[in-house]
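Below are the chains, spelled out letter by letter.
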Amino acid sequence: MTPHPPRPPQADLPSPGVEYRPDFQGRLISACCPAEGIDIYTFLRHGEQQPRFYWRDGSQDIQFAGVGVALSLMGWGEGRFHQIQRQARSLFTQALAMDEGPSLAAPRLFGGFAFRQDFVPDFTWAAFHPAHFILPHYQLVTCRGESWLTINALLAPGESARARQQALQEALAARYRLLRSLPKVIPAPPSAPQVEVDYPLSYPAWAAMIEEALRHFAAGRMDKVVLARICQVRSPTHLDIDAALFHLDQRYPGCYTFLVEPRPHHAFFGAPPELLVAVQGSRLQTMGLAGSAPRGATPQEDEALAAELLASAKDRHEHALVVQAIQERLAPLTTALTAPATPEIMRLSNIQHLFTPIQAELRRPDGVLPLVELLHPTPALGGWPRDAALAFIQEHEQTPRGWYAAPVGWIDRNLDGAFSVAIRSAVVQRRRAWLYAGAGIVAASRPEREWEETGWKFRPVLEALGVWRG
Ligand SMILES: C=C(O[C@@H]1C=C(C(=O)O)C=C[C@H]1O)C(=O)O
């Protein structure tokens, strides 16, 4: 008997029957129209019985929302980034070019990745996958006073493009009229007075995990690890995600508010301040964000806390590891890599951080996903060295991270896009929410201070759910 030839690496092979194939499932066809007068929260509320997506980049004054599914793309294991890239490329290169609107209105994929490639959905993350992107059936984009409504679908092999285009335009016009006729939704202020809030990880267990990390540092096995804990909220009534998003948009205007709800009532949302990476053509933007201090009660106190943070050797070290790792990973792929030598302060309603903006030009632009793969997780969410930190997290954190601290964002038809890291976030199923918050641990960390810091980081989502209790 001849021996079997060695198996080729599995990572990059298409999974037959699972990966999107334009010749089987159909080619992308879409139509768009200006959507003057349609408000994004009204659009989202109207779609609440369907999968929904939302993304807001405060720095660009841009909001995207999606409702329903024209196509789902998934990826598994080590090859998950490549699998999504390959499917997105076939989707957009094979798309039928009809009714071209402005690039703002063009079809986009929304989604993200689990923190780990070996993610397995558990009860909390039942509707999530290791990599999952959705081309929404309806998509609404608003940017600096302009808004566009887009309808996306797949044209089955053999189907008439002209007839389908006509049908899509009629459906789009009908949806526009319907959305215009609905009363504008202004989500009520968050309020959940009778909720139960608990923190499943006790303080002694947290302190023991940190002491163990300190022993690893002392033994020279690691320099930094980001450790997280969770907060569980149970409410007698449904938690109002739309109100939470609205609140986060108002309260954290510079952050990246997101919602990924792949199945109704399985919503993952949050308002991270941290961009993992944005790519447009050859232009790349990212940041180092690590090192945290509370906000002061007065402007003077705020300034004093910021000055203390900038002068803290522990926080500067924690921050420098992030900036160095990002620069090292990007260096071979980029030119004109710039990062100021001294961090700035990023001030949010609940916290202040050390922040280093980083820019570069890509030598061989190929969209955003290869950069997401390269950078995730930075030492701001994993640690340093990466493998040792990830192994430590896997062994010692008691709750799987799911999609917490992982990339969420969007991809456009050029495969460009933007991804934040899904922190200051929660996964919500009707009356229950699980919030995640982590902190970077280095040799000079103290368990009680890091416990307190994770407490400040729960605050945005607790407030957004109407639950904040000092
Ligand atoms: C891990 C989180 O935040 C990260 C950790 C920080 C820190 O340790 O100072 C700061 C910003 C984020 O990169 C979180 O919010 O859950």
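Residues numbered from 1 in each chain as written. Predicted model: local features only at pLDDT ≥ 70, side-chain atom pairs only at ≥ 80, totals over all residues. Heavy atoms only, no water.

1. Things to note about the overall build of the protein chain
A count of helices and strands for the protein chain gives 11 helices and 20 strands. Rg of the C-alpha trace for the protein chain: 22 Å, near the compact-globule value of 23 Å for 470 residues, within the 12% margin. Projected onto the principal axes, the alpha-carbon positions of the protein chain cover approximately 70 × 65 × 45 Å. Per-residue burial over the protein chain gives 56% buried out of 470 residues. (Helix = DSSP H or I, 4+ residues; strand = E, 2+ residues; numbered from the N terminus. Rg over C-alpha atoms; globule rule 2.2 N^0.38 Å. Buried < 20%, exposed > 50% of the residue type's maximum accessible area, 1.4 Å probe, protein only.)

2. Re the site of the ligand
Looking at the ligand, there are 19 residues lining it, with Glu274, Ser292, Tyr404, Arg424 and Gly438 nearest. Within the side chain of Arg424, a nitrogen or oxygen atom sits 2.6 Å from an oxygen atom of the ligand. Out of a free accessible area of 390 Å², the ligand has 99% covered by protein chains. Of all the elements in the fold, those that place two or more residues in the shell around the ligand are strand 12 (283-294), strand 20 (432-441) and helix 11 (447-464). Per-class residue counts for the shell around the ligand are 9 nonpolar, 5 polar and 5 charged. (Near = heavy atom within 4 Å. Polar contact = N/O pair within 3.5 Å; in protein donor to acceptor, adjacent residues only side chain to side chain. Areas by Shrake-Rupley, 256 points an atom, 1.4 Å probe, with all protein chains shown as cover. Nonpolar A, V, L, I, M, F, W, Y, C, P; charged D, E, K, R; others polar.)

3. Some points on the UniProt feature "domain: Chorismate-utilising enzyme C-terminal" (unreviewed entry) in the protein chain
In this numbering, the UniProt entry assigns the feature "domain: Chorismate-utilising enzyme C-terminal" (unreviewed entry) to residues 205-456. This span, residues 205-456, is 33% helix and 36% strand, and a straight line between its end C-alpha atoms measures 19 Å. (UniProt positions renumbered as here; feature names shortened; annotations may be inferred.)

4. A closer look at the side chain of Thr150
Topologically, Thr150 is positioned in strand 6 (residues 146-155). When sequence neighbours within four positions are dropped, the list of residues in contact with Thr150 reads Ser30, Ala31, Cys32, Ala105, His137, Tyr138, Gln139 and Leu172. (Contact = heavy atoms within 4.5 Å.)

5. Thoughts on helix 8 (residues 313-330)
With 18 residues, helix 8 ought to run about 26 Å at 1.5 Å a step, and its terminal C-alpha atoms sit 25 Å apart, in line with that. Of the positions making up helix 8, those classed as buried are Lys314, Asp315, Glu318, His319, Leu321, Val322, Val323, Ala325, Ile326, Arg329 and Leu330. (Expected span 1.5 Å × (residues − 1).)

6. Notes on helix 7 (residues 299-311)
The end-to-end C-alpha separation of helix 7 is 18 Å, in line with the 18 Å expected for 13 residues at 1.5 Å each. For helix 7, every residue scored as buried is listed here: Asp302, Leu305, Ala306 and Leu309. Taken end-on, helix 7 shows its buried residues confined to a sector of 100 degrees, consistent with a single buried face. Relative to its buried face, helix 7 has exposed residues pointing more than 90 degrees away, namely Gln300, Glu308 and Ala311. Next to the buried residues of helix 7 lie strand 12, helix 8, strand 14 (344-347) and strand 15 (351-362). (Arc of directions from axis to C-beta.)

7. Observations concerning unusual backbone geometry
Cis geometry is adopted by the peptide bond preceding Pro377, which originates at His376 and carries an omega value of -15 degrees. Following Trp384, the chain continues to Pro385 via a peptide bond in cis, the omega torsion being -10 degrees. Of note, Pro385 is situated in the loop between strand 16 (383-384) and helix 10 (386-396). Even without being glycine, Arg144 reaches a positive phi, approximately 45 degrees. Within the secondary structure, Arg144 is located in the loop between strand 5 (131-143) and strand 6. One non-glycine residue, His265, adopts positive backbone phi at about 70 degrees.

8. Description of the pairing of strand 4 (residues 109-113)
Most of strand 4 sits inside the fold, with 5 of its 5 residues counted as buried. Burial along strand 4 is two-sided: Leu109, Gly111 and Phe113 and Phe110 and Gly112, pointing in opposite directions, are all buried. Across 4 bridges, the pairing between strand 4 and strand 5 is antiparallel. When the sheet's bridge partners are listed, Phe110 is paired in strand 5 with Ile134. (Pairing = 2+ DSSP bridges.)

9. Brief notes about the packing of helix 5 (residues 203-218) against helix 11
At a minimum axis separation of 9 Å, helix 5 and helix 11 run at an interaxial angle of 120 degrees. Classified by chirality, the crossing of helix 11 by helix 5 is right-handed. Residues Tyr203, Trp206, Ala207, Ile210 and Glu211 of helix 5 form the contact with helix 11, whose own contacting residues are Pro447, Glu448, Glu450, Trp451 and Thr454. Of the residues that constitute the contact of helix 5 with helix 11, the class distribution is 6 nonpolar, 1 polar and 3 charged. (Axes fitted to C-alpha atoms, helices over the stretch in contact; angles between N-to-C directions. Left-handed = near helix turned anticlockwise from the far one by under 90°.)

10. Things to note about the packing of helix 6 (residues 241-251) against helix 11
Put simply, helix 6 and helix 11 touch, their axes get as near as 8 Å, and they point 130 degrees apart. Classified by the angle between their axes, helix 6 and helix 11 sit oblique to one another. Contacts between helix 6 and helix 11 involve Ala243, Ala244, His247, Leu248 and Arg251 on the former and, on the latter, Arg459, Pro460, Glu463 and Ala464. Each residue belonging to the contact of helix 6 with helix 11 can be placed in one class, and the counts come to 5 nonpolar, 1 polar and 3 charged. (Parallel < 35°, antiparallel > 145°, perpendicular 65-115°, else oblique.)

11. Considering the environment of Phe64
One can find Phe64 in strand 3 (residues 62-75). Its relative accessible area of 1% is what places Phe64 among the buried residues. Along the backbone, Phe64 and Phe53 are 11 residues apart, and their C-alpha atoms lie at a distance of 7.9 Å. The contact partners of Phe64, leaving out residues within four places of it in the chain, are Ile40, Phe53, Tyr54, Trp55, Arg108, Phe110, Leu140, Val141 and Trp410.

12. Quick notes on the pattern of salt bridges
This structure, assessed with the given rule, holds 26 salt bridges. Residues Asp302 and Arg347 are paired through a salt bridge, measuring 4.0 Å at the closest nitrogen-oxygen approach. Of this pair, Asp302 sits in helix 7 while Arg347 is found in strand 14, placing the two residues 45 residues apart along the sequence. Residue Arg347 is classed as partly exposed on the basis of its relative accessible area of 35%. Two residues, Lys314 and Asp315, come together in a salt bridge whose shortest N-O distance is 3.7 Å. Taken as a pair, Lys314 and Asp315 share a single burial class, namely buried. Here the salt bridges do not stand alone but share partners, grouping Arg45, Glu48, Arg52, Asp240, Asp242 and Glu261 into one network. (Salt bridge = Lys/Arg side-chain N within 4 Å of Asp/Glu carboxyl O.)

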